[in-house]
Amino acid sequence: MPVRLWEFRNEPAADFSKPENVEAMLAALAVVRAEFGREYDLLIGGETFRTGDLLKSVNPSKPTETVGLHHKANATLAAKAVCVADDAFQPWARTPAAQRIELVQTAAGILRRRKFEFDAWLVFEAGKSWPEAEADTCEAIDFLDYYALQMKKWATPDPLAQLPGEHDELRYLPLGVGIIIPPWNFPLAILAGMAVAALVAGNTVVVKPSSDAPTVAAKFAEVLAEAGFPTGVYTLLVGNGSEVGDILVQHPRARFISFTGSREVGLRINELAAKPQKGQIWIKRVAAEMGGKDAIVVDDNCDLDAAVQAVLASAFGYQGQKCSACSRAIVVDGVYDAFLERLLPKVAAIQVGRADDPQYYMGPVISERSRQTILDYIRIGKTEGRLLAGGAAAPGEGYFIQPTVIADVDPKARIFQEEIFGPVLAVTRAHDFDHALELANDTEYGLTGAAFTNDPVKIEAAKDRFFVGNLYINRKCTGAMVGCHPFGGFNMSGTDSKAGGPDYLLQFLQAKSIGTKAV
Ligand code: NAP
C-alpha cells in the first residue's frame, strides 16, 4: 500500500469556548503548578547525574515562581552524551523501521492523552496563552504522526529502473548521532519534531534544549521513555548553549546538527561544524532554521478588515515571539490611513497579563533579557518612526510589554531590517503593490510573508516575486500546519529544511544504491 502523505490530517485543537475543555485545562494547570520547583537530574545512558549546577526555570508571568530546577551538564558530560548516543546507534539503526515507527506512534498517543498537561507546562514555562499552548502541543503530535507516516515511505522506496541482468535498488540508511538544538519559542513542537524526525529515521540524538524552557523538554523525555524508546537513543542534555554547545557541535562522533534558533547562533554552528575534527571521517550535515523579518503586504484592492485582523494576529499572537510573526506591515498608499485607523483600536483593546489567565490575549515575553532587548528596539523605533500604540513595558510582575505600533518607518530603519522578536509592528507606506513587494524583499531574511489583494494578477506577482519560504495569500503569516505548509526559510532565515514537509526525513538519511548482477 503506497504511503499517501496528502491524506494526513492535523490534530484538532481543543476549543476553549467549551466548558469541559476549560475545566480540563484548569485541572491541568493545578496539577502542573503542584509540581513547581521539582529538581530534574541529568540522565545519560541510564546513569543519573546531579551536578549541583542548577538551571532555574521561572514562570515569565511571575518570575518569583520556579517552574523547575535542572542539573546542568558540563563539558565532560556533554562529550559523554555523544559517546553514549554513538554506542546506541548501531542497534537502533538496525531496529526494523516498523518498530521505530510504532514507538513514535505510541509517543504520539501519550502526548494526546496528556495534552492539557503539556499545554499547562507551556503556559507556565513559555508564557503561552491557552490557545497558543494548545497549538504547540497539537503541532508536536502532528510532527510525530507525520514523520512516522513519512518513514514508511523511505523504508519502502519506489523501485528503480532495472539494468538488464541486474537487480537495482536504493536503500535509505540513517546517518549516526544527531545534535538537536531547539529554541524556546516552540519548546515542545520544534524540539519534538526535530528529534523524532531524526529518531524515526534510525539516528540517535543528543538534545540540548533551550535554557529558557528545559522543563517542557524534560516532560517530553518522559513521554519517550514511557513509550519504550531504548536507553541511549535519546539523551536530553540540559546545559548552557555557550558552555556545552561547541563541544556537542564539534564532537568528532556527531554526524549532523539540526538547529532552530537565531541567525547568530545558527551561523556559528554552521561554521564550527564545517571544520573536520581529529578522527572525524564525514562531513557533518547542518540544518539551521533561523530568524525572520516577516511582512504582510496590504493592497488597496483587498478585504481591509481581513488584512487588519491578520496583521493583528500575526504581530501580537504569542507576543510576536514567533519566527513567522509579522513585524512589518507594508501598506499601499491608497489604504494606508484607513488601515491604521482600523488597526489601532484593535491594538488598544489587547489585554496583556498572566498567561494562565485566559482573559489575556497577550502574556509575557520569555525573559527579562528579552524584555530589555525589545524595549531597546522600541526606543530606537521611536526615533525611526511615529509611535502610535504601546511603546513601553506593561504593568505587572511578569515580563510584560505593550503591543507596539510604529508607523511611517523607512525601509532602511533598523526596526524594518532587524529581527526584534517581540510585540513590535513597523508600518511602512508603499506607492503601489509592486513597490510593496520590493520593500517586503528588502531584508536579508526570507521566512514567511503574506499578501492581501483581490487582484488575480497581483496574486500571481506575489507568488512569483515575494521571496520567502512560506508565502500566504489573503491570510495571516503565522500558523503553519504540519503536512499543509512545509516550513523553512530562504536567505538568512536558514537552510529551508521544510519541517512538516514530505521530504523532511531525507535530511536524516543517506541513500545507498545496490546493483546485484544476476548469477
Ligand atoms: P538562540 O538564542 O539562537 O538559541 C537557540 C538554541 O541554541 C538554544 O537551545 C540555545 O541554548 C542554543 N545555543 C546558544 N548558543 C549556542 C552555541 N554556541 N552552540 C550551540 N547551541 C547554542 O535562539 P532562541 O532565542 O532560543 O530562539 C529565537 C530565535 O529562533 C529567533 O531568531 C527565531 O526567529 C528563531 N526561530 C526560527 C524558527 C524557524 O523555523 N526558522 C522557528 C522558531 C524560532 P541556550 O538557551 O542554553 O543559550
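The structure displayed is predicted, hence computed values, not measured ones. (Residues numbered from 1 in each chain as written. Predicted model: local features only at pLDDT ≥ 70, side-chain atom pairs only at ≥ 80, totals over all residues. Heavy atoms only, no water.)

### A look at the pattern of salt bridges
Evaluated as defined, the whole model comprises 41 salt bridges. Note that Glu47 and Lys80 form a salt bridge whose closest N and O atoms lie 3.6 Å from each other. Separated by 33 residues along the polypeptide, Glu47 in strand S3 (residues 47-49) and Lys80 in helix H2 (residues 75-94) bring together distant segments of the chain. Arg429 is the salt-bridge partner of Asp333, the closest N and O atoms lying 2.9 Å from each other. Note that Asp333 is positioned in helix H11 (residues 333-348) and Arg429 in strand S16 (residues 424-430), a separation of 96 residues in sequence. The network of salt bridges with shared partners includes Glu35, Arg38, Arg113, Arg114, Glu117, Lys219, Glu222 and Glu226. (Salt bridge = Lys/Arg side-chain N within 4 Å of Asp/Glu carboxyl O. Helix = DSSP H or I, 4+ residues; strand = E, 2+ residues; numbered from the N terminus.)

### Observations concerning the sheet that holds strand S9 (residues 234-236)
With parallel pairing, 5 strands are arranged side by side in an open sheet as S9-S8-S7-S10-S11. Pairing within the sheet leaves two strands with one partner each, and these edge strands are S9 and strand S11 (285-289). Averaged over neighbouring strand pairs, the angle between their axes works out to 15° when direction is ignored. Two elements, strand S7 (residues 177-181) and strand S10 (residues 254-260), share 5 bridges in a ladder whose sense is parallel. If you follow Gly178 over to S10, its bridge partner there is Phe256. Contacts between helix H9 (residues 263-274) and the sheet are confined to S7, S10 and S11, with S10 contributing the most and set at about 170° to the helix. (Pairing = 2+ DSSP bridges. Axes fitted to C-alpha atoms, helices over the stretch in contact; angles between N-to-C directions. Contact = heavy atoms within 4.5 Å.)

### Regarding the packing of helix H1 (residues 19-33) against helix H4 (residues 115-126)
Describing two packed helices takes the angle between their axes plus the distance from one axis to the other. Across the interface, H1 lies against H4 with an axial gap of 8 Å and an inter-helix angle of 60°. The hand of the H1/H4 crossing is right-handed. Listed contacts from H4 to Asn21, Ala24, Met25, Ala28, Leu29, Val32 and Arg33 of H1 are Phe116, Glu117, Asp119, Ala120, Trp121, Val123 and Phe124. (Left-handed = near helix turned anticlockwise from the far one by under 90°.)

### Some words on H2
For H2, spanning 20 residues, the distance from its first C-alpha to its last is 30 Å, which sits close to the expected 28 Å at 1.5 Å a residue. Along H2, the residues classified as buried are Leu77, Ala78, Ala81, Val82, Val84, Ala85, Ala88, Phe89, Trp92 and Ala93. (Expected span 1.5 Å × (residues − 1). Buried < 20%, exposed > 50% of the residue type's maximum accessible area, 1.4 Å probe, protein only.)

### Looking at the domain arrangement of the protein
The assigned domain composition of the protein is domain 1 (18-290 + 497-515) and domain 2 (294-481). For domain 1 and domain 2, the distance between their C-alpha centres works out to 31 Å. Contact residues are listed per partner, giving 25 residues for domain 1 and 28 residues for domain 2. For the pair domain 1 and domain 2, the summed buried surface comes to about 2100 Å²; carbon and sulfur atoms form 58% of the total. Inspection of the domain 1/domain 2 interface yields 3 salt bridges. With its nearest N and O atoms 3.0 Å apart, the salt bridge here joins Glu132 to Lys322. At the boundary of domain 1 with domain 2, the tally comes to 10 residue pairs in polar contact (both at pLDDT 80 or more). Secondary structure elements with two or more residues in the side of domain 1 that touches domain 2: H1, strand S5 (62-71), H4 and helix H5 (130-155). Considering each element in turn, the side of domain 1 that touches domain 2 owes the most residues, 4 residues, to H4. Grouping the amino acids of the side of domain 1 that touches domain 2 by side-chain chemistry returns 11 nonpolar, 5 polar and 9 charged. (Domains from an automatic or database assignment. Buried area = accessible area lost by both parts, 1.4 Å probe. Polar contact = N/O pair within 3.5 Å; in protein donor to acceptor, adjacent residues only side chain to side chain. Nonpolar A, V, L, I, M, F, W, Y, C, P; charged D, E, K, R; others polar.)

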